[in-house]
Amino acid sequence: MPEIQQWASAQGQGVMFHGSPRAGITEFDPYGRADYGLFGQGTYLTDNPSVAASYTAKGLRAAGGPEGRTLYGVQQSVKNPIDMDAPANIDAWRGAADEYTDQFRPGMTNAEAFREVEAAISQEGLPKWEGAEMMSDVIRRMGHDGVTHVGGGRFGRGEGPAHRVVIALDPEQTQITDSLSVADMLRPQMRDRNWIDIA
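Residues numbered from 1 in each chain as written. Predicted model: local features only at pLDDT ≥ 70, side-chain atom pairs only at ≥ 80, totals over all residues. Heavy atoms only, no water.

**Some thoughts on the environment of Met 135**
Then step 1. Secondary-structure assignment places Met 135 in helix H6 (residues 128–141).
Then step 2. Put simply, Met 135 and Ile 121 are 14 residues apart on the chain and 8.2 Å apart in space, counted from C-alpha to C-alpha.
Then step 3. Excluding residues within four positions of it along the chain, Met 135 makes contact with Tyr 36, Phe 114, Val 117, Glu 118 and Ile 121. (Helix = DSSP H or I, 4+ residues; strand = E, 2+ residues; numbered from the N terminus. Contact = heavy atoms within 4.5 Å.)

Right under this line is the structure:
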């Protein structure tokens with residue numbers, strides 16, 4: 001949408017984007033309202049404003065309807081994210097997660113190693129929030145303060161354009177710089193159907 005691209009261009013260099021069904025957010029709390037996403041708990045940001053705008057439809061029912069759909073411009077300060085697309089440092093994963101699993105093998109990517117640890121933790125029958133904290137702790141023990149990966153098409157379904165994703169683990173790593181209501185812009189696409197909670 002041209003309005004979104006125009007707004008995003010005015011945000012300045014280095015700004016990333018987050019889409020939410022909720023208006024009026026003043027800070028992101030990865031331990032509060034955030035869901036456990038593709039690579040764990042955190043504030044998910046993208047360099048593509050159109051991709052972020054698509055996430056404004058996620059969780060609409062819980063948010064009270066489409067009126068709050070908002071795109072946020074965000075400065076992030078993640079300094080040393082682990083790249084989930086890169087080859088895994090098996091020694092680092094063993095050192096950080098050996099209490100959960102020893103099923104690391106040469107040639108794994110960080111994403112595959114993450115899934116191995118995640119599967120082991122999920123078998124412990126812990127509350128979801130506790131498992132999420134344990135996954136974040138593993139990332140921190142390896143010396144990382146966030147996560148990054150290339151989004152779009154990860155599951156082989158052609159899920160839109162490739163875009164850089166950064167996942168901030170702590171509230172202090174993000175600062176909202178601006179916001180844009182996209183409810184009126186995107187509502188015509190929803191005219192003939194009920195809004196659906198896809199969370």
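**Considering the packing of aromatic side chains**
Then step 1. Under the definition given, this model contains 4 aromatic pairs.
Then step 2. Considering the side-chain rings of Phe 28 and Tyr 72, the 5.8 Å spacing of their centres and the 85 degrees angle between planes classify their relative orientation as edge-to-face. Of the two residues, Phe 28 sits in the loop between strand E1 (16–20) and strand E2 (43–46) while Tyr 72 sits in strand E3 (residues 70–76), which places them 44 residues apart along the sequence. The exposure classification of Phe 28 matches that of Tyr 72, with both residues buried. (Phe/Tyr/Trp six-rings, centres within 6.5 Å; stacked < 30°, edge-to-face > 60°. Buried < 20%, exposed > 50% of the residue type's maximum accessible area, 1.4 Å probe, protein only.)

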